[in-house]
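Coordinates in review
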Amino acid sequence: MDLVYELIFTVFPYLCLTVFVLGHAYRYVTDRYKWNARSSEFLEKKSLFWGAILFHIGIILTFVGHAGGLLIPQTYYDLFGITGDMHLSIAHWTGEVVGIAALLGCLLLLGRRLFNLRVRAAGTFNDLFTLGALAIVIGTGVYNVFFGRYNVLYSVAPWIRGIVTFSPDPDLMRPVPLSFKIHVTAAWALLGFSPFSRLVHIWSVPVFYFFRRHILFRRRATGGTGAEALSSPAPGGKEG
Amino acid sequence: MKIKAQTAMVLNLDKCIGCHTCSIPCKNVWTTRKGAEYMWFNNVECKPGIGYPKKWENQDVHRGGWQLKNGRLELKAGGRLHKGINIFHNPDLPTIDEYYEPWNYDYESLITSPERKHQPSIRPRSQLTGKHMDLSWGPNWEDDLAGASETAVGDINFRDLDHALYLQFRNVFMFYLPRLCEHCLNPACVASCPSGAMYKREEDGIVLVDQERCRGWRYCVSGCPYKKVYFNWKTGRAEKCIFCYPRVEAGMTTLCAHTCVGRIRYVGLFLYDADRIAEVASAKEDTDVYPAHLDILLDPEDPEVTDRAAAQGMAPNVIDAALRSPVYKLAKAWKLALPLHPEFRTLPMVWYIPPLSPIRDYAEPGQESDLIDRLRIPVRFLANLLTAGDEAPVRLALHRLSAVRHYMRSVRVEGQADEALLQAVGLDRDTTEAVYRLLALARFDERYVLPTTRPDASQLHQFQGRCGFNPDAA
Ligand code: HEM
Ligand code: SF4
């Protein structure tokens with residue numbers, strides 16, 4: 001039993017994180033050509049609207065929530081007078097709203113990807129798998145928010161912080177209900193898979209666009225100053 | 001003053017016969033890949049018409065290009081913040097239906113068909129879904145005014161004109177408009193790209209997409225007012241006309257220009273003052289943009305310009321090519337060529353000589369004093385297309401074209417040079433003959449004047465006889 005916990009809640013997360021980091025590096029070096037959002041808006045834009053917007057807003061806020069709730073210890077919140085109960089209640093209500101948004105968006109995207117002929121033809125199995133995996137992770141997450149009734153602040157949260165700070169303690173996960181265990185395990189798996197999917201677009205968020213000048217110039221890649229130019233142009237070809 | 005060189009093209013619409021020969025080699029060489037079937041880096045439209053993609057000129061629909069707001073130049077689709085917010089779903093992105101759904105035919109079924117009473121026929125099959133489809137729009141759907149009575153109503157160049165009048169059979173007019181990327185001086189596509197994947201080349205101004213940095217945010221597609229950046233639906237990246245840069249670097253002209261049977265195309269360099277781009281693009285009125293644009297195109301025969309360019313490091317063969325530039329003559333020296341929709345404020349660099357057209361029903365002498373007003377193609381339409389509605393430059397170009405014809409006719413047919421019309425349009429005899437020569441007779445190397453790019457600095461000849469071996473090994 002100990003070994004199983006060790007494997008699932010220590011070894012597996014680190015495995016996924018390693019694949020996550022090395023996978024992104026490998027992909028960036030070897031396959032930059034396919035590193036993009038793979039937008040399908042050009043083929044179908046009406047049903048994409050609600051799907052893409054609900055999903056993205058929902059998932060990004062969910063990330064913010066997870067980061068704030070799980071990575072920052074409750075003791076810091078206590079300093080600011082936010083008690084564990086208040087924290088849970090905020091997490092619960094915001095979690096319900098953004099979770100539902102993300103899930104609904106994800107299902108809309110999934111439906112579109114399955115039933116719109118064009119989107120289906122242009123997409124790959126990988127695209128479908130990514131959405132399916134997201135649906136599972138988000139689905140179990142939403143289930144937990146609505147029906148889980150379990151305080152994660154003193155179990156799951158410290159366990160995750162333990163992993164992040166390289167002092168893992170799988171025993172913390174022992175009392176956690178099964179649905180939470182499935183959620184976190186699926187999430188680690190998705191993290192490990194993400195470098196090999198279109199999810200790489202997350203790391204290309206164009207922040208520099210906000211600071212750069214509008215028009216960009218680039219020189220041709222060859223060196224030299226131009227002073228060594230050919231002396232006379234060759235006419236392009238012969239014609240009567 | 002920062003002097004840069006810009007590769008540019010002039011197309012003489014007076015001579016375009018609408019044969020689409022230019023589009024074919026371009027298609028064959030650059031856009032036969034999966035996801036690119038629908039792309040035509042070069043396409044030939046028939047005017048009046050709404051074009052490819054539908055209504056590309058109408059920025060109330062597409063929101064491409066720049067606009068002046070409170071005296072400040074900004075992207076019409078909205079600034080950086082707007083783009084950040086709408087990145088998950090770009091409201092201004094056209095869909096493939098506005099271009100057309102690409103299709104093909106099962107040609108093989110013609111050969112493999114069993115013997116039947118009737119000839120076998122083949123049905124179009126979508127290249128997107130692989131399913132049979134009914135065609136309702138395609139490339140050149142409006143060719144030679146096909147369906148123009150319905151679609152051409154939406155041509156924005158009818159502004160201030162009664163389109164119903166001009167779409168009646170007895171008044172109808174048409175001309176061809178071959179289109180490619182304008183390789184603008186102030187490209188809205190480059191400014192719209194969140195990833196910084198699009199850029200202008202420092203040396204020749206060609207606008208390119210860095211395929212390894214394109215992340216598929218697709219704002220360049222909607223940002224270009226000429227709709228000349230295309231979205232590859234298979235790879236999820238932007239692709240566009242590359243002005244055949246691998247050829248241009250070798251001093252060869254573009255495929256579209258090389259193959260043009262009407263010999264309507266001219267390719268060459270402009271020298272321009274890069275410090276004044278923002279000022280020109282922010283000209284107060286839409287009609288001020290063209291004169292301001294003309295103003296920053298520098299005279300290569302002015303030694304002050306060439307000296308300064310050389311001092312700033314411009315290669316001698318580039319300066320030499322600029323000196324012999326056919327496009328400079330057509331656009332600036334003779335003012336025959338005009339930009340396409342300067343009001344989009346991207347400062348486009350593919351310019352057009354407006355077409356003359358047959359004279360309409362005979363009018364009583366003196367009734368319409370200006371011959372140009374009796375041409376079938378209304379001047380206003382051309383002005384809306386080429387000069388943001390300012391008729392004067394279009395009139396000047398058309399008057400000059402007709403004066404050159406008149407003069408040459410007097411020389412060649414009547415045997416007596418009649419210079420009467422020349423003076424009124426500001427041409428002298430030598431210039432007129434030069435115009436005639438460039439428009440009618442010019443050979444390949446007069447129409448296409450491009451410098452070769454400086455050779456690769458790696459001195460390839462040093463590797464001769466050493467490649468594949470390692471002479472330094474013990
Ligand atoms: C952080 C900023 C993000 C930006 C700017 C962004 C942008 C985009 C864009 C432009 C698309 C293409 C939509 C289309 O036109 O088809 C897309 C698709 C997608 N994004 Fe994001 N995204 C972000 C974050 C995320 C996150 C955090 C996730 C999930 C973990 C995610 C998951 C997806 C998925 C699954 C699709 C594919 C939808 C489909 O099947 O069509 N994105 N994203
Ligand atoms: S015409 Fe070419 S350079 Fe100009 S905005 Fe469009 S794609 Fe960019």
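Just above, that's the structure.
These lines cover the structure that appears in this document, whether it is placed above or below. (Residues numbered from 1 in each chain as written. Chains lettered and ligands numbered in written order. Predicted model: local features only at pLDDT ≥ 70, side-chain atom pairs only at ≥ 80, totals over all residues. Heavy atoms only, no water.)

Focus on the overall build of chain B
Our working definition: Secondary structure counts use DSSP, requiring at least four H or I residues in a row for a helix and at least two E residues in a row for a strand, with both numbered from the N terminus. Working definition: with a 1.4 Å probe on protein chains only, accessible area under 20% of the residue-type maximum means buried, over 50% means exposed, and in between means partly exposed. Working rule for contacts: check all heavy atoms of both residues, and any pair within 4.5 Å makes them a contact. Using a 1.4 Å probe, accessible areas were evaluated by the Shrake-Rupley method; residue-level cover was limited to the displayed protein chains.
Of regular secondary structure, chain B possesses 20 helices and 14 strands. Oriented by its inertia axes, the alpha-carbon framework of chain B measures out at about 80 × 75 × 55 Å. Within chain B, the fraction of its 474 residues that count as buried is 57%. Of all intrachain contacts in chain B linking residues separated by at least 6 positions in sequence, the fraction that spans at least 24 positions is 71%. Per element, the accessible surface of chain B, about 20,000 Å² overall, is 51% carbon and sulfur.

Quick look at the coordination of the iron atom of ligand 1
Residue and element names in this part refer to chain A. The condition is simple: Metal sites are built from N, O and S donor atoms within 2.8 Å, or 3.2 Å for Na, K and Ca, and they leave out water, so they may look incomplete. A site with four donors is called tetrahedral when every donor-metal-donor angle falls between 85 and 135 degrees; four donors are called square planar, and six octahedral, when opposite donors sit more than 155 degrees apart and all other angles fall between 65 and 115; any other arrangement is irregular.
Around the iron atom of ligand 1, the donor atoms from the protein are H56 (NE2) and H201 (NE2), and they sit 1.9 to 2.0 Å away. Taken together, the six donor atoms surrounding the iron atom of ligand 1 define angles of 87 to 180 degrees at the centre, an arrangement classified as octahedral. On the criterion of sequence distance, the pair formed by H56 in helix α2 (residues 46–71) and H201 in the loop between α8 (178–193) and β1 (217–218) is long-range, its members being 145 residues apart. Of the two residues examined, H56 and H201, each falls in the buried class.

Focus: the pairing of strand β11 (residues 237–240) of chain B
All names here are of chain B. Convention followed: Should DSSP find at least two bridges between two strands, the strands are taken to pair.
By the alternation rule, side chains of β11 split into R237 and E239 and A238 and K240, which are all buried. Relative to β11, strand β10 (residues 229–232) runs antiparallel, the two being bridged by four bridges. Bridge pairing links F231 to A238 in β11. Between β10 and β11, which pair antiparallel and follow one another directly, the connecting turn spans four residues, one of which, G236, has a positive phi of 75 degrees.

Focus on a negative patch on the surface
All names here are of chain B. The line we're drawing: Patch definition: residues with relative accessible area over 30% and no salt bridge; like charges joined within 9 Å; nonpolar side chains (Val, Leu, Ile, Met, Phe, Trp, Tyr) joined within 5 Å. Throughout this description, the term salt bridge denotes a Lys or Arg side-chain nitrogen within 4 Å of a carboxyl oxygen of Asp or Glu. Here Asp and Glu are counted as negative and Lys and Arg as positive; His is not counted, and neither are the chain ends. Positions of charges follow a simple convention, taking NZ of Lys, CZ of Arg, CG of Asp or CD of Glu.
A cluster of acidic residues, D299, E301, D302, E304 and D307, forms a negative patch at the surface. Along the chain, D307 turns up in helix α13 (residues 303–311). A relative accessible area of 54% means that D307 is categorised as exposed.

As for the sheet that holds strand β8 (residues 198–201) of chain B
Taken in spatial order, the three strands of this open sheet run β1(A)-β8(B)-β9(B), and their pairing is mixed. Among the strands making up the open sheet, the edge pair consists of β1 of chain A together with β9 (207–209) of chain B.

Observations concerning the interface of chain B and chain A
In plain terms, the rule: A quick way to say it: buried area is the sum, across both parts, of accessible area lost when two parts are put together, with a 1.4 Å probe. As used in this structure description, the phrase polar contact means that two N or O atoms lie within 3.5 Å; if the pair is within protein, one of them must be able to donate a hydrogen and the other to accept it, and residues adjacent in sequence are counted only when both atoms belong to side chains. Residues were grouped as follows: Ala, Val, Leu, Ile, Met, Phe, Trp, Tyr, Cys and Pro as nonpolar; Asp, Glu, Lys and Arg as charged; and all remaining residues, including Gly, as polar.
Facing the 78 residues of chain B at the interface are 55 residues of chain A. Carbon and sulfur atoms make up 57% of the surface buried where chain B meets chain A, a total of about 6,100 Å² over both sides. Here chain B is connected to chain A by five salt bridges. R218 of chain B is the salt-bridge partner of E41 of chain A, the closest N and O atoms lying 3.1 Å from each other. In this assembly, chain B and chain A are joined by 27 residue pairs in polar contact (both at pLDDT 80 or more). Sorting the residues of the side of chain B that touches chain A by element identifies α3 (80–85), α7 (188–192), β8, α14 (316–323) and α20 (444–447) of chain B as the ones contributing at least two each. A per-class count over the side of chain B that touches chain A returns 32 nonpolar, 19 polar and 27 charged. Here two bridges tie β1 of chain A to β8 of chain B, and the two strands are oriented parallel to one another. Within β8 of chain B, the residue paired with R218 of chain A across the bridge is R201 of chain B.

Details of the site of ligand 2
Note the threshold: Throughout this document, a residue counts as near a molecule or strand when at least one of its heavy atoms sits within 4 Å of that molecule or strand.
Every residue close to ligand 2 is listed here: C181, E182, H183, C184, P187, A188, C189, V207, C224, Y226, V229 and K240 of chain B. Considered class by class, the residues forming the shell around ligand 2 number nine nonpolar, one polar and two charged.

Some remarks on the site of ligand 1
Residues in close proximity to ligand 1 total 24 residues, the closest being S39, H56, R113, R198 and H201 of chain A. Chains contributing residues near ligand 1 are chains A and B. A distance of 2.8 Å separates an oxygen atom of ligand 1 from a polar backbone atom of S40 of chain A. Within the side chain of R198 of chain A, an N or O atom sits 3.1 Å from an oxygen atom of ligand 1. When contributions to the shell around ligand 1 are tallied by element, the ones reaching two or more residues are α2, α4 (84–115) and α6 (125–148) of chain A. Top contributing element to the shell around ligand 1 by residue count: α2 of chain A, with six residues. A per-class count over the shell around ligand 1 returns 15 nonpolar, four polar and five charged.

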